[in-house]
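# Descriptive structure summary
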Amino acid sequence: MNVLLTGGAGYIGSHTAVELLNRGCDIVIADDYSNSSPVAVERIRQITGRDFPAYHVDVTDCEAVRRIFRENKIDCVIHFAGKKAVGESVEIPLSYYRTNLDAALTVLECMKEAGVSRFIFSSSATVYGSLNPIPYREDMPRGECSSPYGTTKAMIEKILEDACHADSTLSAVLLRYFNPIGAHPSGLIGEDPQGIPNNLLPYIAQVAVGRRERLMVFGDDYPTPDGTCVRDYIHVRDLAQAHLLALEYLDRGGESGPFNLGSGDGFSVKEIVETARKVTGKPIPATMKPRRPGDPPTLIASNHKAREVLGWVPQRGLEEIIADAWAWHQSHPNGYDG
Ligand code: WQD
């Protein structure tokens, strides 16, 4: 099985690449390195001891994508490529719609030309909107997303549903990620946000390594047990393994559709900070701040469908996740740049 990973040098793409190579799959990576590093590609080779082609391309470039399909016999595409900063998407929505939709459409059109019919899409819990009850289940309707980033995910899901409906040979799995955190235990690959991190774990890690002074906790007056937001954090390796199971599922003729990838458990911001203090042994000073606009109080997955249909069993608990993230951030305080 030869799998094309668009955005394969990114955070989730690189961890998925390792899992696929370790299980004997062949891979091809296509990445423009706009929010990732070619060093990640070298690290994937180092961790797995395996080689593979890596194309420095923007997957909105149809000719470049065609060339990848011409030069490699691809069985399935896992589409990670896209812009993903929620706040930035509110500021420059057109760029998000243009890039994310164009990338998905270009890859799908090139797949069709090349006769490739299996597609796995990096979607997000954000497609549920804010009106569905917790925990989110795949049979609930998509809702109004709180950012253009989220809307691009919902729009691509809809495009895939329509494309699968029109073409019975196309099958697509939509993987709805909750909050992926952690890193490969080797400490060689991990999350490498550009600039000031938007997400909680990278921010905490930068406080722990001394790059930033203190964490701002956005809101402690939410209707949750300790007043801070609750999220469903999932180890990026558990997430990566779900992609392998999704490939196997498509290989045995599985039906197109969405799958939630979350642990099914929720942790508050305060619980995360406490666990990070324990794991790192660092004080991690934190200051309460007003709520961040658009943050829902609680987000938790029902993962029954992924467990039952894919056979996915998330295996890593919070302390292990934070310890793995810490190993990466401690050895790479400036990400792949050093
Ligand atoms: C978690 C909690 C913050 C930073 C986002 C996207 C989602 C997915 C994952 C992908 C919230 C609080 C955060 C900080 C804080 N995206 N927080 N101080 O918002 O649940 O999900 O990332 O690419 O689509 O929406 O994750 O890590 O940003 O926040 O208090 O400095 O931590 O308010 O309650 P979120 P997050």
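Residues numbered from 1 in each chain as written. Predicted model: local features only at pLDDT ≥ 70, side-chain atom pairs only at ≥ 80, totals over all residues. Heavy atoms only, no water.

Along its length, the protein carries 11 helices and 13 strands. The C-alpha radius of gyration of the protein comes to 19 Å, within 12% of the 20 Å expected for a compact globule of 338 residues. With the C-alpha coordinates aligned to their principal axes, the bounding extent of the protein is approximately 55 × 45 × 40 Å. Relative to its full complement of 338 residues, the protein shows a buried share of 55%. The contacts of the protein with a sequence gap of at least 6 include a subset with a gap of at least 24, amounting to 78%. (Helix = DSSP H or I, 4+ residues; strand = E, 2+ residues; numbered from the N terminus. Rg over C-alpha atoms; globule rule 2.2 N^0.38 Å. Buried < 20%, exposed > 50% of the residue type's maximum accessible area, 1.4 Å probe, protein only. Contact = heavy atoms within 4.5 Å.)

Isoleucine 134 connects to proline 135 through a cis peptide bond whose omega is 0°. Note that proline 135 resides in the loop between strand E5 (118-124) and helix H6 (148-166). The backbone of tyrosine 33 shows a phi angle near 60°, a positive value even though the residue is not glycine. Relative to the assigned elements, tyrosine 33 resides in the loop between strand E2 (26-31) and helix H2 (38-48). Classification of tyrosine 33 as buried rests on a relative accessible area of 17%. Positive phi, normally seen in glycine, also occurs at isoleucine 284, with a value near 45°. Tracing the backbone shows isoleucine 284 in the loop between helix H9 (269-280) and strand E13 (286-289).

All right, on to the nonpolar core then. With 44 residues, the main nonpolar core has Leu20 and Ile120 as its most contacted residues. Sort the elements by how many residues they give to this core and helix H8 (residues 236-251) lands first, with 9 residues. Apart from residues no more than four positions distant in its own chain, isoleucine 120 is found in contact with Cys76, Val77, Ile78, His79, Val173, Leu175, His243, Ala246, Leu247 and Leu250. Membership of the second largest hydrophobic core comes to 29 residues, among which are Val59, Ala104, Met111 and Ile156. (Core = buried A, V, L, I, M, F, W, Y, C linked by side-chain atoms within 4.5 Å.)

Next up on the list: the packing of helix H1 (residues 11-22) against H2. Running from N to C, H1 and H2 point in directions that differ by 30°, and their axes come no closer than 10 Å. By the angle between their axes, H1 is roughly parallel relative to H2. Where H1 crosses over H2, the handedness of that crossing is right-handed. The residues of H2 that touch H1, namely those facing Ser14, Ala17, Val18, Leu21 and Asn22, are Ile44, Ile47 and Thr48. (Axes fitted to C-alpha atoms, helices over the stretch in contact; angles between N-to-C directions. Parallel < 35°, antiparallel > 145°, perpendicular 65-115°, else oblique. Left-handed = near helix turned anticlockwise from the far one by under 90°.)

Before going further, it helps to spend a moment on the site of the ligand. Taken together, 19 residues lie near the ligand, and Leu200, Met216, Phe218, Arg231 and Asp295 sit nearest. Here an oxygen atom of the ligand and a side-chain polar atom of tyrosine 149 are 3.3 Å apart. Arginine 231 is positioned such that a nitrogen or oxygen atom in its side chain is 2.6 Å from an oxygen atom of the ligand. Burial of the ligand by the protein chains amounts to 87% of its free accessible area of 690 Å². Looking at the shell around the ligand, the elements with two or more residues in it are helix H7 (200-208) and strand E8 (215-218). When residues of the shell around the ligand are assigned to their parent elements, the largest contribution, 4 residues, is made by E8. Grouping the amino acids of the shell around the ligand by side-chain chemistry returns 11 nonpolar, 4 polar and 4 charged. (Near = heavy atom within 4 Å. Polar contact = N/O pair within 3.5 Å; in protein donor to acceptor, adjacent residues only side chain to side chain. Areas by Shrake-Rupley, 256 points an atom, 1.4 Å probe, with all protein chains shown as cover. Nonpolar A, V, L, I, M, F, W, Y, C, P; charged D, E, K, R; others polar.)

The subject of this paragraph is the pairing of strand E1 (residues 2-6). Burial runs high along E1: 5 of the 5 residues are buried. Side chains Asn2, Leu4 and Thr6 project from E1 onto one buried face, and the interleaved Val3 and Leu5 project onto a second face that is buried too. Examined bridge by bridge, E1 and E2 share 5 bridges and lie parallel to one another. Residue pairing for E2: valine 3 is matched across the bridge by isoleucine 27. The handedness of the E1 to E2 crossover, carried by H1, is right-handed. Relative to strand E4 (residues 76-79), E1 runs parallel, the two being bridged by 4 bridges. (Pairing = 2+ DSSP bridges. Right-handed = clockwise from strand over helix to strand, strands pointing away.)

Taken across its 5 residues, strand E11 (residues 257-261) has 5 buried, putting it largely inside the fold. The alternating pattern of E11 places Gly257, Phe259 and Leu261 on one face and Pro258 and Asn260 on the opposite face, and all of these are buried.

Residues with a pLDDT of 70 or more make up 100% of the protein, whose mean pLDDT is 97. The spread of mean pLDDT over the elements of the protein runs between helix H4 (residues 86-91), the lowest at 94, and E1, the highest at 99. (pLDDT = per-residue confidence, 0-100.)

Here we come to the pattern of salt bridges. This structure, assessed with the given rule, holds 22 salt bridges. Measuring nitrogen to oxygen at the nearest pair gives 2.7 Å for the salt bridge that ties glutamate 42 to arginine 45. In this pair, glutamate 42 and arginine 45 both sit in helix H2, 3 residues apart, roughly one turn of the helix. Residue arginine 137 is joined to aspartate 139 by a salt bridge in which the shortest nitrogen-to-oxygen separation is 3.0 Å. With relative accessibility at 40%, the residue arginine 137 sits in the partly exposed group. Taken together, the salt bridges that share partners define one network made up of Arg142, Glu157, Glu161 and Arg176. (Salt bridge = Lys/Arg side-chain N within 4 Å of Asp/Glu carboxyl O.)

For serine 124, the location among the structural elements is in strand E5. For serine 124, the residues in contact, after removing those within four places along its chain, are Tyr149, Lys153, Leu175, Arg176 and Tyr177.

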